[in-house]
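# Observations on the three-dimensional arrangement
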Amino acid sequence: MGNTPDVYAILKNELKGSEAEVLTPGSAGYAESIKRWSEHCEKKAQAVVKVTSSSDISKTLNFAQTNEIPFVVRGGGHSTSGSSSIDDGLVIDLSKMRKVAVDPKAKTIRAEGGTIWEDVDMEAAKFGLATVGGTVNHTDNLISVEIVLASGQLVTASESSHPDLFWAVRGAGQNFGVVTAFTFQGYDQPDPVFAGTLVFLPDKLPQIVRFVNKFHATSDGNQALLWGFSSPPPANAPVVLAQVFYNGSESAGQEFFTDLINLGPVANTTSMIPYEKLNGLLNHAVGFDGRKQFGGGAFKLPLNPAFVQSIHADFLDFVNSHERMNESLILFETIPFTKILEVSNEEMAFSNRGDYYNVATCFKWFDPSLDQEIRDFSRNLLKKASQSAGVVQDEKVRSVEGVGVYGNYANLDVSATDIYGRNAKKLEDLKYKYDPNNLFSRGLRLVPKPLVVVN
Ligand SMILES: Cc1cc2nc3c(=O)[nH]c(=O)nc-3n(C[C@H](O)[C@H](O)[C@H](O)COP(=O)(O)OP(=O)(O)OC[C@H]3O[C@@H](n4cnc5c(N)ncnc54)[C@H](O)[C@@H]3O)c2cc1C
């Protein structure tokens, strides 16, 4: 594009009077600003614009269009697809927009676009509230978004305002604009919960799978069980991890998981904790060092213990034959889906609703020459792990039951149909309405050709 950093002096001038910052290579704070959760997503942007308001965002979008500068949006910087970083353009960085406001009467929570879940959890807890984020997508959880469109206009999207845009952003938001604030429904959560991690030696895997198979019938929606394989420090030896959650008393939690606890874990951190601490339980295991790659698939219960053992063997063989991959993880997320299925896949862009659970890989490594090999291995392993769900291979089942790939774990090597199923066509049509020049083109591609191309 032939832009030199000098062009950013114009942007700085346009943002005068605001607390926004325009960082270019050499500016104090620039190196920190291009850091991402995964090292392979760190790219040397021409400029990082730390915006503070929708007006800053509109001005920056306008500047990028006028000067034909490609851009990306950075929220929390955790994706492993690389879609929030850029080499040859600018980053609209939302990390200064993390305010959370709770309306205790309406029990709603308004979170600015750069908020991370910790901000939301902590502020909501002050009012005895919690909301649903991440893996569980409750029926009516997101009430509205405030979003700056490609035109620079700030609009509210909700069931009653731009409902078609609201349909699109619930699943495909990154393709439609910059969300400056989300308003979530809060739910009463005044009590602590029973949660923690059980660590088992791998010989317990068959019994663990048998316990999981029963979970499907025994859970009433107040429990969750995330279990999987890793070789975490300090021992760096293979273990089976089980993170348990029970929304109730300690005795009820102990009783629900008693068969698992009685298997004899080598470590057990379960206890009663405030709900807002739940999302932080695994923080120590997922720091900002190294290269990482998420991947997603689906599984159905019951699982055959021998089948799971063969996945474990494949995983271990691969991890053990490469340097410093011991912190890699495969996680079977056994989170009840009854509530999720109260909404159909047509009601919003998000299309991963089905009578199956998510399975995720999170590989961690340090040697850049392994990037492609790891991506390929992860894809194949997830294909195998997803066989039990039968959703990924069969187009007919897929459209009825959901796509079987969770968009938050997907990379950019999937198609719009892989993630949005039958909703892909409607999303394409809406792109022409709300972003006709495909300015928001760095995430998963919804339209055949981006007009502002990079790479
Ligand atoms: C340790 C860890 C645990 C995780 N656990 C879960 C989990 O339990 N459940 C789950 O669902 N996911 C989970 N994820 C996946 C996570 O949801 C995705 O990585 C997600 O993309 C992170 O969002 P981010 O804003 O931090 O990432 P970023 O890399 O900043 O952004 C991701 C994409 O969203 C766009 N974007 C971000 N903010 C905005 C905005 N305000 N407006 C418009 N576009 C925006 C970016 O442009 C980019 O395309 C986990 C990830 C990590 C690293």
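Our subject in this report is the structure included herewith. (Residues numbered from 1 in each chain as written. Predicted model: local features only at pLDDT ≥ 70, side-chain atom pairs only at ≥ 80, totals over all residues. Heavy atoms only, no water.)

### A closer look at the side chain of Thr334
As a reminder of what qualifies: By the criteria applied, helices consist of DSSP H or I runs no shorter than four residues and strands consist of E runs no shorter than two, each listed in order from the N terminus. The contact criterion used throughout is that any non-hydrogen atoms of two residues lie within 4.5 Å.
As for its placement among the helices and strands, Thr334 is situated in strand β18 (residues 329-334). If we ignore the near neighbours within four places in the chain, the residues touching Thr334 are Val212, Phe215, Ala224, Leu225, Trp227, Phe299, Leu301 and Tyr357.

### So, the pattern of salt bridges
How we decide: By convention in these notes, a salt bridge is any Lys or Arg side-chain nitrogen within 4 Å of a carboxyl oxygen on Asp or Glu. Summary of the burial criterion: residues with accessible area below 20% of their type's maximum are buried, those above 50% are exposed, and those between are partly exposed, where the area comes from a 1.4 Å probe applied to protein chains only.
Per the counting criterion, the structure on display carries 21 salt bridges. The closest approach of N and O atoms between Glu146 and Arg110, which form a salt bridge, is 2.8 Å. One end of the pair, Glu146, is in strand β8 (residues 142-148); the other, Arg110, is in strand β6 (residues 108-112), with 36 residues separating them in the sequence. When the shortest N-O distance is used, the salt bridge between Lys214 and Asp259 registers 3.1 Å. Note that Lys214 is positioned in helix α6 (residues 205-218) and Asp259 in helix α8 (residues 258-261), a separation of 45 residues in sequence. The partly exposed category is assigned to Asp259, whose relative accessible area is 39%.

### Here's the deal with the site of the ligand
Condition: Consider each residue's heavy atoms; a residue with any of them within 4 Å of a molecule or strand counts as near. Within 3.5 Å is the distance limit for a polar contact, defined as a pair of N or O atoms, with the added protein rule that one can donate a hydrogen and the other accept it, and that residues adjacent in sequence qualify only through two side-chain atoms. In this description, accessible areas are obtained by the Shrake-Rupley approach with a 1.4 Å probe, and a residue is regarded as covered only by the protein chains that are shown. Think of it as three bins: nonpolar holds Ala, Val, Leu, Ile, Met, Phe, Trp, Tyr, Cys and Pro, charged holds Asp, Glu, Lys and Arg, and polar takes everything else, Gly as well.
As a structural note, the neighbourhood of the ligand is formed by 23 residues, with Val73, Gly77, Ser79, Ser84 and Tyr406 the closest of them. The side chain of Ser79 places a nitrogen or oxygen atom 2.6 Å from an oxygen atom of the ligand. Within the backbone of Val179, an N or O atom sits 2.9 Å from a nitrogen atom of the ligand. Relative to its free-state accessible area of 950 Å², the ligand is covered by the protein chains to the extent of 77%. Contributions of two or more residues to the shell around the ligand are made by β3 (71-74) and β10 (178-185). Per-class residue counts for the shell around the ligand are nine nonpolar, 13 polar and one charged.

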